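These are the residues of each chain, in order.
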Amino acid sequence: MRIPKRLLELIDGHRSFLVASHLHPDGDAVGSSLAMALVLRALGKRAAVFNTDRIPPNFAFLPGASEILFQGPLPFRPQVALFLDTPSPPRLGRALDLIGPGTVRAAIDHHVSNPGYTGLDWIDPSAPCTAEMVLRLGRRLGVPLGRDLALCVYVALLTDMGKFQFMVTPGQGKKIFELAGRLTAKGLVPYEIYKKVYNVYDPSSLKLLAAALSNLHVTRDGLIGYVCLDRETTARFHFFDDTNDALIAQPRDLASTRVALLFAEHRGGVKVSFRSKEPDVIDVNRIAAHFGGGGHAAAAGAEVPGDLGSVVPAVLRRVRAAVAAAGPRGGKRSG
Ligand SMILES: [Mn+2]
């Protein structure tokens, strides 16, 4: 989807902006927010970046990260609030409490599950990450691509594309590697960034991984692999949402599986993460949506009330049905 003219006019016509993203921010939430702030400031505008939750320490090296606000009041009253990478208002957390009814709202997002909730929603599910949309917006507004902007977008792209694994068509591979090439040409060293983003284990997170491996289950047909972490384990080893990727990679990397799941008793219920290895025929966004969550066809999540005993069988039933409906593996697309 092209950039809405109204969004360009909105940015042109205002001077002060709040940039906010989703709870438990990931690389794209942080990267797109900081990229947006860079674009706005390059245009001579005021921008404050807010998140309800602290950003994970592995994203603290991003330019501007130390200025992200976690509580109000804001240093100025924003005329416009831009919501990035956030598919629904509850995921914004306390950001909505910081703005008045007079603040104009707009959303920029690539989640296919985003129904549009601001009245000015630019949603492009073909975008690899929200930060890539911000980059396009910046270019359209005449902001040159500098090293800081490139770094924010690169980290968002790297993390949302699962270390450049999640390009599912030849066209997408070409597009994304070309983008990564344009970004790294600004003086980025991919290995240095990889180390900062991914060399983050401490002994407790490796013990969590060990707990995940010893609680790995595979359905009898081998097609669904899942990890179950009970409340005691998530508390003892400091489970937090960003550890999902490493944990769900274990069942996902089994040769036999078509869908991988992670169930973690956490906060009031069970955090469920979904990964589809064939997103064109098994769309886990639709399954997550049934449980009040969402995301993308290849990767989605939901917070489901209940405990492992009730949530695991309910989710497995839905996933089994989706796998059965997909037909035999490789039926539609190969390679
Ligand atoms: Mn994203």
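Residues numbered from 1 in each chain as written. Predicted model: local features only at pLDDT ≥ 70, side-chain atom pairs only at ≥ 80, totals over all residues.

Draft legend 1. Spatial organisation of the overall build of the protein chain. In terms of helices and strands, the protein chain carries 11 helices and 11 strands. Taken over the C-alpha trace, the protein chain has a radius of gyration of 20 Å; the compact-globule value for 335 residues is 20 Å, and the two agree within 12%. Summarising its shape, the C-alpha atoms of the protein chain cover approximately 60 × 40 × 40 Å along the three principal directions. Counting every position in the protein chain, which comprises 335 residues, the buried fraction comes to 41%. (Helix = DSSP H or I, 4+ residues; strand = E, 2+ residues; numbered from the N terminus. Rg over C-alpha atoms; globule rule 2.2 N^0.38 Å. Buried ≥ 20, exposed ≤ 12 C-beta atoms within 10 Å, placed from the backbone.)

Draft legend 2. Representation of the pairing of strand S11 (residues 299-305) in the model. When you tally the buried positions in S11, you get 5 out of 7 residues, the bulk of the element. Both strand S9 (residues 269-276) and S11 contribute to a ladder of 7 bridges, which runs antiparallel. Bridged to arginine 275 within S11 is alanine 299. Adjacent in sequence and paired antiparallel, strand S10 (residues 294-295) and S11 are bridged by 3 residues. (Pairing = 2+ DSSP bridges.)

Draft legend 3. Just the pairing of S9, in detail. With 7 of 8 residues buried, S9 lies mostly within the body of the structure. In this sheet, S9 lies alongside strand S8 (residues 259-266) in antiparallel orientation, the contact comprising 8 bridges. When the sheet's bridge partners are listed, valine 259 is paired in S9 with serine 276. Connecting S8 to the next strand, S9, in antiparallel fashion are 2 residues, including arginine 267 with a positive phi near 50 degrees.

Draft legend 4. Up close: the domain arrangement of the protein chain. Split by domain assignment, the protein chain resolves into domain 1 (5-197) and domain 2 (203-326). Of note, the centres of domain 1 and domain 2, computed from C-alpha atoms alone, are 27 Å apart. Each side of the interface is counted separately: domain 1 has 9 residues, and domain 2 has 11 residues. (Domains from an automatic or database assignment. Contact = placed C-beta atoms within 7 Å.)

Draft legend 5. Local environment of the nonpolar core. Membership of the largest hydrophobic core comes to 53 residues, with the highest contact counts inside it found for Val19, Ala35, Leu82, Cys152 and Val153. In terms of residues, this core owes the most to one element, helix H4 (residues 147-160), which gives 10 residues. Residues Leu261, Phe263, Val281 and Ala297 belong to the second largest nonpolar core, which totals 38 residues. (Core = buried A, V, L, I, M, F, W, Y, C linked by C-beta atoms within 7 Å.)

Draft legend 6. Up close: the environment of leucine 74. Within the element layout of this structure, leucine 74 appears in the loop between strand S2 (46-50) and strand S3 (80-84). Classification of leucine 74 by C-beta neighbours within 10 Å gives partly exposed; the count is 15. With residues near it in sequence (within four places) discarded, leucine 74 still touches Leu18, Ala48, Leu69 and Leu98.

Draft legend 7. Region of interest: the sheet that holds S9. Pairing within the open sheet is mixed, and its 6 strands lie in the order S6-S7-S8-S9-S11-S10. Edge positions in the open sheet fall to strand S6 (216-218) and S10, since each of these has one partner strand only. Those strands touched by helix H11 (residues 308-325) are strand S7 (224-229), S8, S9 and S11, and its axis lies near 165 degrees from that of S8. (Axes fitted to C-alpha atoms, helices over the stretch in contact; angles between N-to-C directions.)

Draft legend 8. Quick look at unusual backbone geometry. With an omega of -10 degrees, the peptide bond running from glycine 72 to proline 73 counts as cis. A positive phi angle is found at aspartate 85, which is not glycine, with a value near 60 degrees. Look at aspartate 85 and you get buried, because 30 C-beta atoms sit within 10 Å. In this structure, phenylalanine 164 takes a positive phi of about 65 degrees despite not being glycine. With respect to the helices and strands, phenylalanine 164 occurs in the loop between H4 and helix H5 (170-184). We classify phenylalanine 164 as partly exposed; it has 14 C-beta atoms within 10 Å.

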